[in-house]
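# Chain and residue survey
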Amino acid sequence: MLLSLKKVTRRFSGVVAVDRVELEVGEGEFVCFLGPSGCGKTTLLRLIAGLETLDEGAIELRGRDLGMLPARKRNFGVVFQSYSLFPNLTVARNIAYGLECRKLPRAEIAARTGEMLELVHLSEHASKHPHELSGGMQQRVALARALAPQPEVLLLDEPLSALDAKVREALRGEIRELQKRLGITTIMVTHDQDEAMEMADRIVVMNRGRIDQVGSADELYWRPATRFVGEFIGRLNVLDGAPWQGRLDGEAAGAGEVLAIRPEHVRIVDDGGGGEPVFEGIVRRTAFLGNMTRILVETEGNALEIEVHGARKRLAQGELLRFELPRARLSRLGAASR
Amino acid sequence: MTGLALRTIRPRADADRLFIFAIAAGAALLLVLFVLAPIWAILRFSFVAPDGSIGLDNYVSYFTSARFLGILGNTFEVTIAVTLFTVALAYGFAYAIERTCMPLKRVLRMIALIPIFSPSLVQAIGLQFLLGRNGLINRTFGTELDIYGFWGIFIADTLYAFPHAFLILATALAVSDARLYESATSLGASSARVFWTVTLPATRYGIASATFVVFAIVITDFGNPVVIGGNYSVLAVEIYNQVSGQANFSMGAVVGVILLLPAALAVFAEKWIARRQFASVTAQSVPLVPKPEPARDRLWFLYSAAIAAAILIVVGVVVYASFVRLWPYNLSFTLHHYAFDVQNGIEPLWTSIYVAVITAVLGMIVVTAAAYANHHVQNRPMRLFYFLAILPAAVPGMVLGLGYVLAFNDPANPVYAIYGTMLIIAICNLYHYHAQGFLLATTNMKQISRAFDEASATLGASRLTTFRRITLPLIWPTIISVGVFYFMRAMVTLSAVIFLITPVTQLASVSVLYLDERGALNQAAAFAACIMASVVVFLIAAQLLLRIAGIRGITLVR
């Protein structure tokens, strides 16, 4: 393994921000740390970068302990959320900065800087200052600057979250493509599930300083390990109310588990039904979202969300709706985080 | 995982840690040497009785002497009176500048700041020319007004402290949320009610802050009361009398300690308040833009113009008197007083400029280093460091100066090597105004995103490289303004340095005092005019330099 995290722990004045995290990252892999704000994902990234000091545990690069190595000696490239380009230096000088710190020969620095500028398609902006560039361009410069010294690992701390939606989408593809081309091991922190699912080989879902689940986008979506993961990735109906439990007895969840179903798996029954448990509910709200309609129904005081794709006749509020919960689509999730 | 114990990890020493440690230790050592040691010396001396024994004798004799108690009473009487009056006056002025559409705001604002560019005794000398025994008023109208005493100090210190109160109150009044005013008026509140329920509460921290600042300035002021106090003695002048008049260092130290307490309390109260200030204005606030109301604006203009005129007249008369043969008898024009054929001639002005330049250069280095250490090291000892760095704000100049004499006028002390030189005067200035310079630099460093440091570190830069290539280029305009601030203060300060000068290191502001004491009022005026001119020339030069370098938005006047 290229990078191994062993019982990595970091506390801030008594509060555990990162709690005994264990993770292995392979060569050339693109890993995303995904979770809500305050889940410890950024702290974990900063620990790997050497910008925070470990309280306990170890971080190893090819088996060598990095624990006490300061950031500047780790040779990890980092891209920050925003505003981390040196405002007093031109684009080219920003990119050359890391190379100059390594005291490379001048000609080599110039060549490498030119190469990096080309890589991010910014050659014609080399002599501009950061404030003259758009946000998206600035982040591309930051990427080039981080990559210039040929780092062991590229660390991206919410690199896209300060940008407009359009630019964000374009950069997602660009970063992923660059990463694949260079084959550089990359860890990205994000709170945006779409971003993580689109870009990462593996997603690490974090909650309250701990890892809830590690897996590919499909694994997390189809087989979430915990209620938290299920609810964080995509939408989820947790069936812990009385009407469901009574009728789904055969599927009863074990201790500390809950039954859940994704909204798109709930089937509206217009005819007799297909032998699955059928329920009745009152339509409380409908939202037309173009390619699909989201319907909120209420059954004996319990809310349930249904997603219907394609055209359908509009449902009025207060209308009675019959739907079934296919047994094969039910999943059992650990109620609490692991 | 195999036997990986949950051990606590300690960072290893490396060049970076050594670098930051060296800077922090160096700055701390200097603070201990040039701030703490003098204060300690003055405390220690205040307990040494005339017969050499250690005890409370000095304090007993102080508090049993009717004369000393009178001085204490005077000091508080005049300080409280000036404080209340100045804050009220400045609030109106700041309100007129920030919240009305009166004309000539920029000019009025500039005039209000004039007293900052002049030694504190200029107001008193100006008053002498106007209201003294041989002043313009008494001579013209044959009256026998006596300005020396309470009223002299009251007027002079009000003018002297005015700009400081104004700057704080203007800042407080400048930030406002128009939405509050709109809701108040739409609810039917009269303008008086809006003032009492919105404006005043929103600026209460500013008022408290200004009150404590003015209190500290007035209670420690030496220049004005020594010139115009007459028999109405105050603590700051009494230190001077005890030390320079009677060579009674112990009693000087006692008076110093008694002066230190209220001044320090006021300063720390202000710092405490300043920390909770302006939290009410959020990013969503809509700034209030004053709307023209001709009648009201005219009234405010009259009010502000009257204050500006008072400031201008008192300073202007000093400049004017420096160009006339013999005030007020012979008002014919002459440059004779600029010949400086008395005492050391023009020499003290050059010494002052020289000292001011040394102060500015050393100040920029020391303050930047202290602010850098404070910004980058966050642990318990650094809180003490921060306290030491801002402590000088609480120490009256007279007390610090006397502390320097008591601590360093001793061949056993290593600092004795520079005692009696311009360097010790410059260092005294540096630490006298350390808090202000330090806070300027610290505030600026806080504004620089930590991401720059982190980005630089992850790219392989050492702290020194980061400082040289990133931090310094970003903060240099502020460092320049720290230098300008130090130059100005060093040019006009009188209190701290008065104990440290020697015949060869006499300073311009002290010359003004000596000339005034000898009755050579016109020459004193000429010397004061030279000081003010040097400061203004320097300011303009610095502003031009910044303009040429393309830097805007840096305030040089503080």
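Cut-off values and rules
- Residues numbered from 1 in each chain as written.
- Chains lettered and ligands numbered in written order.
- Predicted model: local features only at pLDDT ≥ 70, side-chain atom pairs only at ≥ 80, totals over all residues.
- Heavy atoms only, no water.
- Contact = heavy atoms within 4.5 Å.
- Buried area = accessible area lost by both parts, 1.4 Å probe.
- Salt bridge = Lys/Arg side-chain N within 4 Å of Asp/Glu carboxyl O.
- Polar contact = N/O pair within 3.5 Å; in protein donor to acceptor, adjacent residues only side chain to side chain.
- Helix = DSSP H or I, 4+ residues; strand = E, 2+ residues; numbered from the N terminus.
- Nonpolar A, V, L, I, M, F, W, Y, C, P; charged D, E, K, R; others polar.
- Patch = residues over 30% accessible without salt bridge, like charges linked within 9 Å, V, L, I, M, F, W, Y side chains within 5 Å.
- Areas by Shrake-Rupley, 256 points an atom, 1.4 Å probe, with all protein chains shown as cover.
- Buried < 20%, exposed > 50% of the residue type's maximum accessible area, 1.4 Å probe, protein only.
- Lys, Arg positive; Asp, Glu negative; His and termini not counted.
- Domains from an automatic or database assignment.
- Pairing = 2+ DSSP bridges.
- Core = buried A, V, L, I, M, F, W, Y, C linked by side-chain atoms within 4.5 Å.

### Overview of the interface of chain B and chain A
Listed as interface residues are 30 residues of chain B and, on the opposing side, 37 residues of chain A. Carbon and sulfur atoms make up 61% of the area that chain B and chain A hide from each other, which totals about 2,900 Å². Across the chain B-chain A interface, the total number found is three salt bridges. Counting across the chain B and chain A interface gives seven residue pairs in polar contact (both at pLDDT 80 or more). Listed by contribution, the elements that provide at least two residues to the side of chain B that touches chain A are α1 (15-45), α20 (450-458) and α21 (463-492) of chain B. Looking at the side of chain B that touches chain A, the element that brings in the most residues is α20 of chain B, giving seven residues. In terms of residue class, the side of chain B that touches chain A is made up of 15 nonpolar, eight polar and seven charged.

### Focus: a nonpolar patch on the surface
Taken together, the side chains of Val536, Ile540, Leu544 and Ile548 of chain B define a hydrophobic patch exposed on the protein surface, amounting to about 400 Å² of accessible area. Structurally, the position occupied by Ile540 of chain B is in helix α23 (residues 521-548).

### Some details on the side chain of Asp157 of chain B
Residues and elements named next belong to chain B. Secondary-structure assignment places Asp157 in helix α7 (residues 150-174). No salt bridge is formed by the buried Asp157; the nearest opposite charge belongs to Arg489, separated by 12 Å. For Asp157, the residues in contact, after removing those within four places along its chain, are Val82, Val218, Asp221, Asn224 and Pro225.

### Comments concerning the domain arrangement of chain B
All names here are of chain B. Partitioning chain B into structural domains gives domain 1 (58-321) and domain 2 (337-558). The straight-line distance from the C-alpha centre of domain 1 to that of domain 2 is 23 Å. Contacts between the two partners involve 37 residues from domain 1 and, on the opposite side, 38 residues from domain 2. Where domain 1 touches domain 2, the interface holds two residue pairs in polar contact (both at pLDDT 80 or more). Broken down by element, the residue count for the side of domain 1 that touches domain 2 peaks at eleven residues, all from helix α13 (residues 249-275). Of the residues in the side of domain 1 that touches domain 2, the class split is 28 nonpolar, eight polar and one charged.

### A look at the side chain of Glu305 of chain A
All names here are of chain A. Along the polypeptide, Glu305 turns up in strand β16 (residues 302-309). For Glu305, the side chain forms a polar contact with the side chain of Arg235, separated by 2.8 Å. Ignoring anything within four residues of it in the chain, the contact list for Glu305 reads Arg235, Asn237, Pro263, Val266, Arg294 and Ile295.

### A short note on helix α16 (residues 380-390) of chain B
When α16 of chain B is considered as a whole, its buried residues turn out to be Met382, Phe385, Leu388, Ala389 and Ile390 of chain B. Its buried side turned inward, α16 of chain B meets α1, α13, α15 (347-376) and α19 (434-447) of chain B.

### Focus: the sheet that holds strand β15 (residues 292-299) of chain A
All names here are of chain A. The strand order across the open sheet formed by five strands is β13-β17-β14-β15-β16, and the pairing between neighbours is antiparallel. Looking along the sheet, the strands with just one partner apiece sit at the ends: β13 (267-268) and β16. Bridge count for strand β14 (residues 278-288) against β15 is six bridges, and the pairing is antiparallel. Opposite Ile282, over in β15, you have Glu298 as the bridge partner.

### Quick notes on the pairing of β14 of chain A
Residues and elements named next belong to chain A. Relative to strand β17 (residues 320-324), β14 is paired through five bridges, and the arrangement is antiparallel. Of the residues in β17, the one forming a bridge with Glu280 is Arg322. With antiparallel pairing between neighbouring strands as the criterion, β14 and β15 make up a hairpin whose turn holds three residues, including Gly290 at a positive phi of roughly 85 degrees.

### A few points about the nonpolar core
In terms of nonpolar packing, the biggest core is built from 223 residues, with Phe166, Phe222 and Tyr404 of chain B touching the most fellow members. For Tyr404 of chain B, the contacting residues outside a window of four places in its chain are Phe34, Pro38, Asn409, Tyr419, Ile424, Ile427, Cys428, Tyr431 and Leu500 of chain B.

### Quick look at the domain arrangement of chain A
Residues and elements named next belong to chain A. For chain A, the domain assignment lists domain 1 (1-75 + 184-234) and domain 2 (236-334). The C-alpha centroid of domain 2 is placed 34 Å from the C-alpha centroid of domain 1. Facing eleven residues of domain 1, the contacting portion of domain 2 comprises ten residues. Where domain 1 abuts domain 2, roughly 810 Å² becomes buried across the two surfaces, and 50% of that area is made up of carbon and sulfur atoms. The three residues of domain 1 that bury the most area against domain 2 are Tyr221, Trp222 and Arg227, which together make up 56% of that side's buried surface. Put simply, domain 1 and domain 2 have zero salt bridges between them. Where domain 1 touches domain 2, the interface holds four residue pairs in polar contact (both at pLDDT 80 or more). Sorting the residues of the side of domain 1 that touches domain 2 by element identifies α7 (217-222) and α8 (227-232) as the ones contributing at least two each. Of the residues contributing to the side of domain 1 that touches domain 2, the split by class is six nonpolar, three polar and two charged.

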